[in-house]
Amino acid sequence: MFLYIDPGTGSMLFTVLIGVFGALIYAFRNVLLKVRILFSGGARARAKADAEREEIVFYTDSKRYWNIFKPLCDEMDRRGQKVLYLTAEPDDPLLSETYRHIRCEFAGEGNKAYARMNFIRADIVFSSTPGLDVYQWKRSRDVRWYAHIIHAANDVTRYRMFGLDYFDAVLVCGEYQIRQIRGLEQARSLPEKEVVLVGLPQMDYLMKKRRDNPPPARDGTTVLLAPSWGPSSIFNRFGERMIRSLMATGHHLIIRPHPQSLTSEADLISKLRKVFPDSGTLEWNFDNDNFDVLNRSDILISDFSGVMFDFALVFDKPIIYADVSFDKRPYDASWLDEEMWTLTVLDKLGKQLTPENADEIGPLIDYCLTAPEFKAGREQARIETWAHIGESIRLTADYLISKKESLQDQK
Amino acid sequence: MSIGQILQQLILGPIELLLDVIYAFALRKTGSIGGSIIILSLAVNLLLLPLYKRADALQKEERDRAARMKPRIDQIREVFTGSERFMILQTYYRQNHYKPYYALKGSVSLLLQIPFFMAAYRFLSGLQVLQEVTFGPIRNLGAPDGILQIGGTAINLLPVLMTAINILSGMLYSRDMPLKSKIQMYGLALVFLVLLYRSPAGLVFYWTLNNLFSLGKNALSRLPHKPVPKIRMPRAITGKLPRINSTQSKWIFRICCVFLALLTGLLIPSEVIKSSPDEFVDPWRPSSPVAYLLSPALLAAGFFLIWCSIYFHLLKEKNRQTFAIISGVAAAAGTINFMAFGNSYGDMSAMLTYERGPSVAAGQWLFNIAVILVVFVLTALLIRKLPGLMRSVYLACCVALAAMSVMNISAIQQNYRSIADAPRKEAPTISLSRSGKNVVVIMLDRAVGGFPPYIFHEKPELLQQFDGFTYYPNTLSFGFHTNVASPALYGGYEYTPDEMNARDDMLLVDKHNEALKVMPVLFLENGYDVTVIDPSLANYKWISDMRIYDDYPDIHGFNAQGYFDENVEDTRQYTDQIRNRNLFCYSIIRISPLLFHAEMYDDGDYNQTDLPRRTRKETDSLVGVNPSFLKNYWVMQNLTAITKVRSSPENCFLMMATEETHDITPLQEPDYTPKLHVDNTAYEADHGIRTAADGSELDIGSATELEQSHYQCNMAAFIQLGRWFDELRKQGIWDNTRIILVSDHSYSLNLLGFDLADRYPEASESSWVNGEPWTITSAYEPLLMVKDFNATGFSTDTAFMTNADTPVLAFGGTVDHPVNPFTGNPIVSDPKYAGELHLMETDWHFVNNDGFTFSDPRFITFRNQDITNPDNWYIEDWEQED
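Residues numbered from 1 in each chain as written. Chains lettered and ligands numbered in written order. Predicted model: local features only at pLDDT ≥ 70, side-chain atom pairs only at ≥ 80, totals over all residues. Heavy atoms only, no water.

Another point: the overall build of chain B. Counting secondary structure elements, chain B contains 27 helices and 21 strands. For chain B, the spread of C-alpha atoms along the three principal axes comes to 110 × 75 × 60 Å. Once local pairs closer than 6 in sequence are excluded, the contacts in chain B between residues at least 24 apart make up 80%. In the structure as shown, chain B presents an accessible area of about 36,400 Å², 58% of it carried by carbon and sulfur atoms. (Helix = DSSP H or I, 4+ residues; strand = E, 2+ residues; numbered from the N terminus. Contact = heavy atoms within 4.5 Å. Areas by Shrake-Rupley, 256 points an atom, 1.4 Å probe, with all protein chains shown as cover.)

With that settled, the discussion passes to the side chain of B:Asn714. All names here are of chain B. Mapping asparagine 714 onto the fold places it in helix 26 (residues 705-730). Of note is the side chain of asparagine 714, whose polar atom sits 2.7 Å from the backbone oxygen of histidine 710. Residues in contact with asparagine 714, not counting those within four places in the same chain, are Ala447, Val448, Phe451, Ile455 and Thr661. (Polar contact = N/O pair within 3.5 Å; in protein donor to acceptor, adjacent residues only side chain to side chain.)

Right, let's get into the packing of aromatic side chains. All names here are of chain B. Evaluation of the coordinates by the stated rule reveals 65 aromatic pairs over all chains. Each ring, one from tyrosine 23 and one from phenylalanine 123, has its centre 6.1 Å from the other, and the planes form 70°; the classification is edge-to-face. Linking tyrosine 23 in helix 2 (residues 13-30) with phenylalanine 123 in helix 5 (residues 108-125), this pair joins segments that are 100 residues apart in sequence. Its relative accessible area of 8% is what places phenylalanine 123 among the buried residues. Centre to centre, the rings of tyrosine 354 and tyrosine 586 are 6.5 Å apart; their planes meet at 50°, and the pair counts as tilted. Of the two residues, tyrosine 354 sits in the loop between helix 12 (317-340) and helix 13 (362-385) while tyrosine 586 sits in helix 20 (residues 568-591), which places them 232 residues apart along the sequence. In this pair, the class of tyrosine 354 matches that of tyrosine 586, namely buried. Put simply, the rings of Phe456, Phe466, Phe469, Phe718, Trp724, Phe725, Trp734 and Phe794 pair up and form one aromatic cluster. Stacked on the ring of phenylalanine 789, the Lys or Arg lysine 437 has its end atom at 5.5 Å from the ring centre. (Phe/Tyr/Trp six-rings, centres within 6.5 Å; stacked < 30°, edge-to-face > 60°. Buried < 20%, exposed > 50% of the residue type's maximum accessible area, 1.4 Å probe, protein only. Lys NZ or Arg CZ within 6 Å of the ring centre and 35° of its normal.)

Quick look at the sheet that holds strand 4 (residues 122-127) of chain A now. Residue and element names in this part refer to chain A. The 7 strands lie next to each other as 3-2-1-4-5-6-7, forming an open sheet whose pairing is parallel. In this open sheet, the two edge strands, each paired with only one partner strand, are strand 3 (102-106) and strand 7 (194-197). Ignoring which end each strand starts from, the neighbouring axes of this sheet average 20° apart. Judged from the 4 bridges that link them, strand 6 (residues 169-172) and strand 7 form a sheet pairing that is parallel. Among the inter-strand pairings, valine 170 is bridged to a residue of strand 7, identified as valine 195. On the sheet, helix 16 (residues 392-410) packs against strand 1 (54-60), strand 4, strand 5 (143-149), strand 6 and strand 7 and is oriented at approximately 155° with respect to strand 4. (Pairing = 2+ DSSP bridges. Axes fitted to C-alpha atoms, helices over the stretch in contact; angles between N-to-C directions.)

Residue and element names in this part refer to chain A. The full count for this structure, using the stated rule, is 62 salt bridges over all chains. Taking the shortest distance from any N to any O, the salt bridge between arginine 79 and glutamate 75 comes out at 2.9 Å. Of the two residues, arginine 79 and glutamate 75 both sit in helix 3 (residues 66-79), 4 residues apart, roughly one turn of that helix. Of the charged contacts in the structure, one is a salt bridge between lysine 403 and glutamate 194, with a shortest N-O distance of 3.2 Å. With lysine 403 in helix 16 and glutamate 194 in strand 7, this pair connects stretches of sequence that are 209 residues apart. (Salt bridge = Lys/Arg side-chain N within 4 Å of Asp/Glu carboxyl O.)

What follows deals with the confidence of the model for chain B. When pLDDT is averaged across chain B, the result is 89; 95% of the residues are at 70 or more. Across the assembled chains, the prediction reports ipTM 0.84 with pTM 0.72. (pLDDT = per-residue confidence, 0-100.)

Before going further, it helps to spend a moment on unusual backbone geometry. Residues and elements named next belong to chain B. The step from glutamate 669 to proline 670 runs through a cis peptide bond, and the omega angle for that step is 5°. With respect to the secondary-structure elements, proline 670 resides in the loop between strand 10 (652-658) and helix 25 (681-687). Backbone geometry places leucine 352, a non-glycine residue, at a positive phi of 65°. Relative to the elements of secondary structure, leucine 352 occurs in the loop between helix 12 and helix 13.

Turning next to the pairing of strand 4 of chain A. Residues and elements named next belong to chain A. Buried residues dominate strand 4, accounting for 6 of its 6 residues. Judged from the 5 bridges that link them, strand 1 and strand 4 form a sheet pairing that is parallel. What sits directly across from isoleucine 56, in strand 4, is isoleucine 124. Note that strand 4 and strand 5 share 5 bridges and pair parallel. Looking at strand 5, one finds that phenylalanine 126 is bridged to alanine 147.

Now for helix 3 (residues 33-79) of chain B. Since there are 3.6 residues in each turn of an α-helix, residues three or four apart along the chain are aligned in direction. The largest bend in helix 3 of chain B is about 45°, located at B:Leu49, with the proline B:Pro50 one to four residues further on. Its side-chain oxygen placed 2.7 Å from the backbone nitrogen of B:Gly35, B:Ser32 serves as the N-cap of helix 3 of chain B. (Bend = angle between axes of the 7 residues up to and from the residue.)

The subject of this paragraph is the sheet that holds strand 20 (residues 858-863) of chain B. Residue and element names in this part refer to chain B. The strand order across the open sheet built from 3 strands is 19-20-21, with neighbouring strands paired in antiparallel fashion. Each of the sheet's edge strands pairs with one partner strand only, and the pair in question is strand 19 (836-841) and strand 21 (873-874). Inspection of the sheet shows strand 20 paired to strand 21 by 2 bridges, in the antiparallel sense. Bridging across to strand 21, phenylalanine 862 finds its partner in tryptophan 873.

All names here are of chain B. When you line up the elements, threonine 802 lands in strand 18 (residues 801-802). With relative accessibility at 0%, the residue threonine 802 sits in the buried group. Polar contacts involving the side chain of threonine 802 include one to the main-chain amide nitrogen of alanine 804, which spans 3.0 Å. Discounting residues that sit within four places of it in the chain, threonine 802 has contacts with Thr475, Leu476, Phe478, Tyr493, Leu784, Lys832 and Leu837.

Okay, the pairing of strand 1 of chain A next. Along any regular strand the residues' side chains alternate between the sheet's two faces. All names here are of chain A. Extensive coverage of strand 1 is indicated by the burial of 6 of its 7 residues. Pairing geometry for strand 1 and strand 2 (residues 83-87), over 4 bridges, is parallel. By the bridge assignment, tyrosine 59 is partnered in strand 2 with leucine 86. Tracing the backbone out of strand 1, into helix 3 and back to the parallel element strand 2 gives a crossover that is right-handed. (Right-handed = clockwise from strand over helix to strand, strands pointing away.)

Residue and element names in this part refer to chain B. Helix 11 (residues 294-314) packs onto helix 5 with a crossing angle of 160° between their chain directions and a minimal axis gap of 13 Å. Taken together, helix 5 and helix 11 sit at an angle that is classed as roughly antiparallel. Of the two possible hands of crossing, helix 5 and helix 11 adopt the one that is left-handed. In contact with Val108, Leu112, Pro115 and Phe116 of helix 5, helix 11 contributes Trp307, Ile310 and Leu314. Residue composition of the contact of helix 5 with helix 11, by class: 7 nonpolar, no polar and no charged. (Parallel < 35°, antiparallel > 145°, perpendicular 65-115°, else oblique. Left-handed = near helix turned anticlockwise from the far one by under 90°. Nonpolar A, V, L, I, M, F, W, Y, C, P; charged D, E, K, R; others polar.)

Moving on, we get to the confidence of the model for chain A. Looking at chain A, the pLDDT average stands at 86 and 88% of residues meet or exceed 70. Ranking the helices and strands of chain A by mean pLDDT puts strand 6 of chain A first, with 97, and helix 2 (residues 43-52) of chain A last, with 56.

All names here are of chain B. When you line up the elements, valine 204 lands in helix 8 (residues 201-222). Distance in space between the C-alpha atoms of valine 204 and isoleucine 150 is 21 Å, their sequence separation being 54 residues. Filtering out sequence-adjacent residues up to four positions away, valine 204 remains in contact with Leu158, Pro159, Met162, Leu196 and Ser199.

As a further point, take the packing of helix 1 (residues 3-11) of chain B against helix 11 of chain B. Residue and element names in this part refer to chain B. Where helix 1 meets helix 11, the axes come as close as 7 Å, and the angle between the chain directions of the two elements is 55°. The angle between helix 1 and helix 11 places the two elements in the oblique class. Contacts between helix 1 and helix 11 involve Ile6, Gln9, Leu10 and Ile11 from the former and Ser295, Leu298, Leu299, Ala301, Gly302, Ile306 and Trp307 from the latter. Looking at the contact of helix 1 with helix 11 residue by residue, the class counts come to 8 nonpolar, 3 polar and no charged.

Here we take up the nonpolar core. All names here are of chain B. Membership of the largest hydrophobic core comes to 82 residues, with the highest contact counts inside it found for Phe466, Leu721, Trp724, Phe725 and Leu741. Apart from the residues within four sequence positions on either side, phenylalanine 466 is in contact with Phe456, Phe718, Leu721, Gly722, Phe725, Arg729, Leu741, Met785 and Phe794. One finds Phe341, Cys397, Cys398 and Leu594 within the second-largest nonpolar core, a separate group that totals 60 residues. (Core = buried A, V, L, I, M, F, W, Y, C linked by side-chain atoms within 4.5 Å.)

On to the environment of A:Val198, then. Residues and elements named next belong to chain A. In this structure, valine 198 sits in the loop between strand 7 and helix 6 (201-212). Look at valine 198 and you get buried, because its relative accessible area is 1%. Put simply, valine 198 and cysteine 173 are 25 residues apart on the chain and 5.8 Å apart in space, counted from C-alpha to C-alpha.

All names here are of chain B. Together, Tyr101, Leu104, Leu111, Ile114 and Met118 give the surface a local cluster of nonpolar side chains, amounting to about 490 Å² of exposed area. With respect to the element layout, isoleucine 114 can be found in helix 5. On the accessibility criterion, isoleucine 114 (43% relative accessible area) is partly exposed. (Patch = residues over 30% accessible without salt bridge, like charges linked within 9 Å, V, L, I, M, F, W, Y side chains within 5 Å.)

And the structure:
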């Protein structure tokens, strides 16, 4: 008995089957293509999808940035540009605003907000929140353009690592920030982002507010002590000694602890308040809005924080800064060799508080209040870090609308 | 098969097979068992060199990358905690195009070694040919070396040497690496020492050579690099056409791998089994032959989908395009090789051995190479110009292959269901009468009519045993194959090919079955006790379907083939092992260029090292001998045992067929018995030229193995019949028994007869059909020997006979005026005296040739009743040479 393989019929069958399946695959592809057009490319479907798509979405994780988004929403509404404002805080004051073209919505808290943002459909998402595509907030496949706006008048490298890397555009307020962004892109081999110099909305806002609310006339000097929190903050390093020597100067003293201290260091604060209760010359301040307290103070003593730039550049007053031992490691700053702009400019805005001069705080204050070099220093800093003073909202709105139009043209 | 075995066959199977093939090939060429280990090691290492080189490069890449990323990763770990740390790290990895599993890249060469080690371990540690073989100072390659003897304890030196080399190589390799890598290196060397210390020296020797190779490689890599001359690829691959991009390369490669896996793992093996599923079924313990597809499928999947993919993914990007194109060419050329070439090697057994074996003329393989080159250029150009289209084409081909395989599988399964319950599983019995008449017809398939004079002269004792027989040398058959030639034997002249074709209102199978019933039914109707054993192709099945006699419950029908098999379990295991391994090898041969077929086929051994006849020391085991020969051999051995002599006066008729003379195998002379190790050199040196009583000679000694085996198996049948005849004499039933020994056809042996093609030179191309020459007259010269009641002496009668005379011979004096019970016509011999007789060659496979008439017939015309005269044979369709 022997096997018998008949390759003749095999090859014929093979040829026939290839033909049949080839035709089937071709036909199937055609049908697939048509179905796809029907579902996604069809005119009606496209119109429907476009109707669901937002043009511009503003997203913020905190009402703190109200001073950016409020004026921007006003401007967009005035220009008739539709915007969806999404906030992750339910008590965001913008939620109670009424606009014709702006819809303000609460996106939900925590993961709910991310879930919404990660699947949102929009031409542009514009935000002051960093960390896109690094933390839970991922880029949505249906967003064409992510733009970020800087919300402090100093280094963009003060964001936590990779904070700006996955935005398509960053709106900045100083030339040195553009250099920093390019430096980071190079260090990480990332494509160049669009970087646009628009200025600083929240500082423009403060400036306008200050123009409308001149500081009340009063005698003497008011010193604002607004420390940060944590082991290296002024309270922890200088504590009672500091307050005591400040009181000894005879100036009016306002102490405004960092909101975080009230929870993290509640014991320390309550102990200090017991030792130094409110009096004619000492005042504890816990206002939500710091405008008033900044407005009526003559000098600010603080650790190292953004408020110092508001105080120096908007209110045009000197500062005394304490801790400059800034641990760069968690931040983008650690990727660049160049010294941070902030650290190069601080000594032009005021004096540093050190253990050596902490007891001599009186003369230090007097010196800062009178020395002309700080006035010039503030001028210089404004040139460097506050471009287009007063124009940031207009420029930001211009940018967003023209970008939206060019994206829509690309479709 | 358990999941573990499946995984093993999938991952290790292809490597083990590769090792086996390389080793067997080296052994065949060098004859040195130890030396072949060196060749094996060299071959495997050279084959893997690019892989290891790339793995080393990857490892270095990975080490560099890790070193580059380490400071930032440390920084991130120091300053971030919890989920933020995780997310920042993820981002950092992403920016560096790094995935955490890339760390494995550093271990690729190590990971690669594991399966290769396991496969080598499994292959060499169990390799039987190494047993008791001395190599240099090693006394036995099949056992631990024990070279050093210290105080009565044997110390194995080879593993120690291996470890020393391993450590030296590791020192070179890890010179600039961190301590961790060094410790890993030396630790590994120790692991191998422990693993291999007690292993057979052959295996340790192999692994030592591998380490030596790696030492050399590492030493060379420390030398300053010289630019290596680049191998120029053909323009079709590298030319100025657009490069196909990496995604396209990847997809074309993947689809082609799936294609090749389907082709070699499913389609070709299923074609083989489908061609005759019965032969893959043991009727005594039936299980579906579809199971035989699992092993080739796993081997093919492992080879093409796993190992080729690993190879591909380890390649550099730019080499992948080349590899993708090569895979496309392999798929196309492989398909063409399978479908258009190498299919004329003749019959193949279910053990995947050809009767004649691949013999390829230079012209054929040159043509094949030319075709492959054209396919190469065309495919490569098409892939580069239209990669998208080609991808779809290959995909369509894959679907087509899968569909064809499914069709084959379903056909196999359907056929299996129809045979699973066909054989009668009863003990066969031959009933003969002491006082009545016995008529015995034994059909010896393909027995050669020209052999008896030489057989009887070589074994004179047979003359005594065959006393009473008349030998008819001038006998003709009407065809070359059982489907066309046996009906006339069984049913007489109403079943010659011409007559079969004339009754075109009835299916061939029904006419065939009818012929098989003519004698049994007529004898039954005349009061005979009728026994039928293994009637040829009953119901067109390899395993005779005895249900054709269901209308005659008094006929005793038996399936005897396979019933008496000895070493059943061992043989079954051996058969399974051969099929599981060689179905895939056969596929690979079929997709390869013709040039390599003979070497790959290796006389049917498919380059397997541990064949029973190489490794079995015990000579009485027959495991490894052609199982289908043995099935029939054991039946013939048991003729005496199954013969029951009755004292009742009832007449008896026996009709029996055997394939012993058809499913031939080399036998050990001078006893002509099956042996694992057949060596006839000495006997053939003295008796090579067989002579007949009239002085004519037959040169068996220098004949081909095919011709020798035919002679030997014919002889074996005669010897077994002789013994049975002695028993019949002893039982006192010799004289009342008529015995007809007849074959349906003979075989086209150049030893006998003459080749009609010599007279028709321009037709020589068509003188081969299905891998066999059909124009050699010996094919139509069957055996016919008759012993009548009370006959004595041995005589030769040159009267003109055909095997269609069988019924007339059987009925002579036993049934008066016999009439075919199905057609009503008298059973006579007259038609043979007609002016001319037509012999037919047609497709012998009844699965395809199953219509109402025989397909594509070729005719030989025979005249004048003398087969020895060449002038009596004509092929009318062909023009004769002047």
